[in-house]
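Reading the structure
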Amino acid sequence: MTIQLEVPGMACGGCGKTITKAVQSIDPTAEVQTDPKTKQVTVESNASESSVREAIAAAGYPAA
């Protein structure tokens, strides 16, 4: 399942790495693409959208 989120707090590549680690902590096989310029995060995962949102928010980057 592909999940697209807007994450306003993502400002740099380091933020993107933190978000990627957070998502992969709940689904190690997830593919995560982050774009700090557009604030977009695309996740290809078997995890539910709500669990992905919770993991990203727990890392300090709540999705819009």
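Everything below is about the structure shown above.
Given the structure is predicted, the values throughout are model-derived calculations rather than measurements. (Residues numbered from 1 in each chain as written. Predicted model: local features only at pLDDT ≥ 70, side-chain atom pairs only at ≥ 80, totals over all residues. Heavy atoms only, no water.)

**Here's the deal with the sheet that holds strand S3 (residues 40-44)**
Read across the sheet, 3 strands follow the order S1-S3-S2 without closing on themselves; strand pairing throughout is antiparallel. Edge positions in the open sheet fall to strand S1 (2-6) and strand S2 (31-35), since each of these has one partner strand only. For this sheet, the mean inter-axis angle between neighbouring strands, taken without regard to orientation, is 15°. Here 5 bridges tie S1 to S3, and the two strands are oriented antiparallel to one another. (Pairing = 2+ DSSP bridges. Helix = DSSP H or I, 4+ residues; strand = E, 2+ residues; numbered from the N terminus. Axes fitted to C-alpha atoms, helices over the stretch in contact; angles between N-to-C directions.)

**Things to note about the packing of helix H1 (residues 13-26) against helix H2 (residues 49-58)**
Here H1 crosses H2 at 135°, and the two axes come no closer than 8 Å. Between H1 and H2, the angle is such that the two are oblique. Crossing handedness for the pair H1 and H2: right-handed. Contact residues: H1 offers Ile19, Ala22, Val23 and Ile26, while H2 offers Ser51, Val52, Ala55 and Ile56. Of the residues in the contact of H1 with H2, the class split is 7 nonpolar, 1 polar and no charged. (Parallel < 35°, antiparallel > 145°, perpendicular 65-115°, else oblique. Left-handed = near helix turned anticlockwise from the far one by under 90°. Contact = heavy atoms within 4.5 Å. Nonpolar A, V, L, I, M, F, W, Y, C, P; charged D, E, K, R; others polar.)

**Here we look at H1**
Taking 1.5 Å per residue as the helical rise, H1 with its 14 residues ought to reach 20 Å, and the 21 Å between its terminal C-alpha atoms agrees with that figure. For H1, the complete set of buried residues consists of Cys15, Gly16, Ile19, Thr20, Ala22 and Val23. Axial view of H1: buried residues confined to an arc of 160°, hence all on one face. Residues of H1 that are exposed and angled more than 90 degrees away from the buried face: Lys17, Lys21 and Ser25. (Expected span 1.5 Å × (residues − 1). Buried < 20%, exposed > 50% of the residue type's maximum accessible area, 1.4 Å probe, protein only. Arc of directions from axis to C-beta.)

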